[in-house]
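# Per-entry structural report
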Amino acid sequence: MSKGTAFIIGAGPGLGRALAHAFSTEGHPVALFARDADRAERYAAELRRAGYRARGFRADAADAEGLSAALELAAGDLGAPEVMVYNAVMTQTDTPTEADATAWGRSLAVNVTGAAVAARTVLPLLRGERRSLLFTGGALALQPSPQYATLSVGKAALRAYVQALHADLAETGVLAATVTIAGSIGGPDPRFAPQTLAGVYLDLHHRPSEQWQAELVYT
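Residues numbered from 1 in each chain as written. Predicted model: local features only at pLDDT ≥ 70, side-chain atom pairs only at ≥ 80, totals over all residues. Heavy atoms only, no water.

### Focus: the packing of helix α1 (residues 15–25) against helix α2 (residues 37–49)
How two helices pack is summed up by the angle between their axes together with the distance between the axes. Look at α1 against α2: their axes get within 11 Å of each other, and the N-to-C directions meet at 30°. Comparing their axes, α2 and α1 come out roughly parallel. Remark: the crossing between α1 and α2 carries right-handed chirality. Each of Arg 17, Ala 20, His 21 and Ser 24 in α1 lies in contact with α2, whose residues at this interface are Tyr 43, Glu 46 and Leu 47. (Axes fitted to C-alpha atoms, helices over the stretch in contact; angles between N-to-C directions. Helix = DSSP H or I, 4+ residues; strand = E, 2+ residues; numbered from the N terminus. Parallel < 35°, antiparallel > 145°, perpendicular 65-115°, else oblique. Left-handed = near helix turned anticlockwise from the far one by under 90°. Contact = heavy atoms within 4.5 Å.)

Spelled out as structure tokens, the structure:
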């Protein structure tokens, strides 16, 4: 049976790119989404040169209508999704007292609202024996930082949203889970190399339903 498309939302040069390669090598067509359309298409072109099916799409996670439209376009172009990875993030340094309403709104739009919009759009499109909605979390959801206030709150809110989504989808055959990465992606520790982390998402997608969990804390 042919595999459904893997949607990678937040296709940056680190984890997003590694996720695209990982799911491609597993036989999935891959749709890469990024605010920079040229970058998304450049990564997709790398995959096509290697013999895989891939395409890049422009999508701003803070633009709900635009994000939904891009996801629907990708499903029509590459086929129905089997797995979505929400890897978009808004990182900015700020403290609980200095972040203004604009900073909070911008951060939460990408870190939380975009995830909910993506899940709501993709859920009715999902096809395949294995269907997953996976989200990139972070240790700040567990241990907030006063130097990254909006990101800490955003990751905590994302974690709560996915746990609620996981429970809501419990009887549907769709996995919703957060990969809470408790380390520096691409840092000196090889356990947090993007390629290694991408394998964690693949493993989570392939797990039998009796092993599903709402959160995988990766340390």
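That shown, we press on.
### Some words on the pattern of salt bridges
Following the criterion strictly, the structure yields seven salt bridges and no others. Between Asp 77 and Arg 55 there is a salt bridge; the shortest N-O distance is 2.5 Å. Here Asp 77 is found in helix α3 (residues 64–78), whereas its partner Arg 55 is found in strand β3 (residues 54–58), with 22 residues between them in sequence. Here Asp 77 falls in the partly exposed class, since its relative accessible area comes to 31%. Looking at Arg 55, the relative accessible area reads 31%, which means it is partly exposed. The partner of Glu 215 in a salt bridge is Arg 159, with the nearest N and O atoms 2.9 Å apart. (Salt bridge = Lys/Arg side-chain N within 4 Å of Asp/Glu carboxyl O. Buried < 20%, exposed > 50% of the residue type's maximum accessible area, 1.4 Å probe, protein only.)

Keep in mind these numbers describe shape, not what the thing actually does.
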